[in-house]
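# Overview (structure and organization)
The chain contents come next:
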Amino acid sequence: MDPLDRALLRELQDDARQTNRDLAAKTGVSPSTSLERVRLLRERGVITGYHAAVELEALGRPVQALIAVRIRPPARPVIEGFREWAARLPETIGLFVTSGSHDFLVHIAVPDVNGVYAFVIDRLTERREVADVQTTLAYEHVRSRRIEPVAERPRERRKGR
């Protein structure tokens, strides 16, 4: 990641819908250079897609909760099966596979508190592999609009040189 890649990523994270011409102008390169560098960032897997940010309240899902789930037995097929099932649920907007006392952290958005209760009781606790559930209501969800790459460290000199 060189400074141009970083600049392109910053600009695209601020507005992924801008034209390539505008992106090139903002980063100080020609449109053909901008186009090629963005293509390379996609090929390298740095840029994985472009997404529309949505307002959950406008979609009728203003209540969010984080639900920690412990699975038993902790076997790969059981963990993977639960992960695939939970990720497909319409209430799920995010899913983390975690370490520690719980195996998953499921982020849901629903219409109201009753929706949280229904999700936990009607969906999660009906699963045989679910051993424990802890629910935390989220008052607010603040997202980072921009994620910067980690700065490269200068190469360390070998001892004896």
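Below: a short report on this structure. Bear in mind the structure is a predicted one, so any value in this text is a computation, not a measurement.

## Describing the overall build of the protein chain
A tally of regular secondary structure across the protein chain gives five helices and four strands. Mapped in sequence order, the helices and strands of the protein chain form the string α-α-α-β-α-β-β-α-β. Taking 161 residues into account, the globule formula puts the C-alpha radius of gyration at 15 Å, and the protein chain, at 21 Å, lies well above it. Dimensions of the protein chain, computed from the C-alpha atoms along their principal axes, are close to 55 × 55 × 25 Å. Per-residue burial over the protein chain gives 29% buried out of 161 residues. Excluding contacts between residues fewer than 6 apart, the proportion of contacts in the protein chain whose partners are at least 24 apart in sequence is 66%. Entry remark: accessible area of the protein chain is about 11500 Å², with carbon and sulfur atoms responsible for 51%.

## Considering the environment of I47
Structurally, I47 can be placed in the loop between α3 (31-43) and β1 (63-71). Put simply, I47 and R143 are 96 residues apart on the chain and 18 Å apart in space, counted from C-alpha to C-alpha. When neighbours within four sequence positions are excluded, I47 is seen to be in contact with L9, L12, V38, L41 and R42.

## Regarding the nonpolar core
In terms of nonpolar packing, the biggest core is built from 19 residues, with I67, V69, F82 and I108 touching the most fellow members. Among the elements of the structure, β1, α4 (76-88), β3 (104-110) and α5 (113-124) are those that each provide at least two residues to this core. For this core, the leading source of residues is β1, giving five residues. If you look at the next biggest cluster of nonpolar residues, it comprises eight residues, including L4, L8, L23 and I47.

## Here we look at the side chain of T92
Turning to its location among the elements, T92 is positioned in strand β2 (residues 92-97). Here T92 falls in the buried class, since its relative accessible area comes to 13%. Within the local environment of T92, its side chain forms a polar contact with the backbone oxygen of A86, the two atoms lying 2.8 Å apart.

## A few points about the pairing of β3
Within a regular beta strand, the side chains point alternately toward one face of the sheet and then the other, so they alternate between its two faces. Counting buried residues along β3, six of its seven residues qualify, which places the element largely inside the surrounding structure. Bridge count for β1 against β3 is seven bridges, and the pairing is antiparallel. Looking at the pairing, I67 lines up with V106 of β3. Here β2 hands over to β3 after six residues, with G100 in that stretch at a positive phi of 100°.

## Some details on the environment of P149
Along the chain, P149 falls in the segment after β4 (130-138). The spatial distance from the C-alpha of P149 to the C-alpha of L4 is 12 Å, given a sequence separation of 145 residues. Discounting chain neighbours no more than four positions away, the residues touching P149 are M1, R6 and L9.

## Quick look at the packing of aromatic side chains
Tallied over the full model, the rule gives two aromatic pairs. Aromatic pair F82 and W85: ring centres 5.6 Å apart, planes at 50°, arrangement tilted. Highlighted residues: F82 and W85, both in helix α4, separated by three residues, approximately one helical turn. A relative accessible area of 0% means that F82 is categorised as buried. Plain terms: the ring middles of F82 and F104 are 4.8 Å apart, the flat faces sit at 50° to each other, and that makes the pair tilted.

The rules behind each value
- Residues numbered from 1 in each chain as written.
- Predicted model: local features only at pLDDT ≥ 70, side-chain atom pairs only at ≥ 80, totals over all residues.
- Heavy atoms only, no water.
- Helix = DSSP H or I, 4+ residues; strand = E, 2+ residues; numbered from the N terminus.
- Rg over C-alpha atoms; globule rule 2.2 N^0.38 Å.
- Buried < 20%, exposed > 50% of the residue type's maximum accessible area, 1.4 Å probe, protein only.
- Contact = heavy atoms within 4.5 Å.
- Areas by Shrake-Rupley, 256 points an atom, 1.4 Å probe, with all protein chains shown as cover.
- Core = buried A, V, L, I, M, F, W, Y, C linked by side-chain atoms within 4.5 Å.
- Polar contact = N/O pair within 3.5 Å; in protein donor to acceptor, adjacent residues only side chain to side chain.
- Pairing = 2+ DSSP bridges.
- Phe/Tyr/Trp six-rings, centres within 6.5 Å; stacked < 30°, edge-to-face > 60°.

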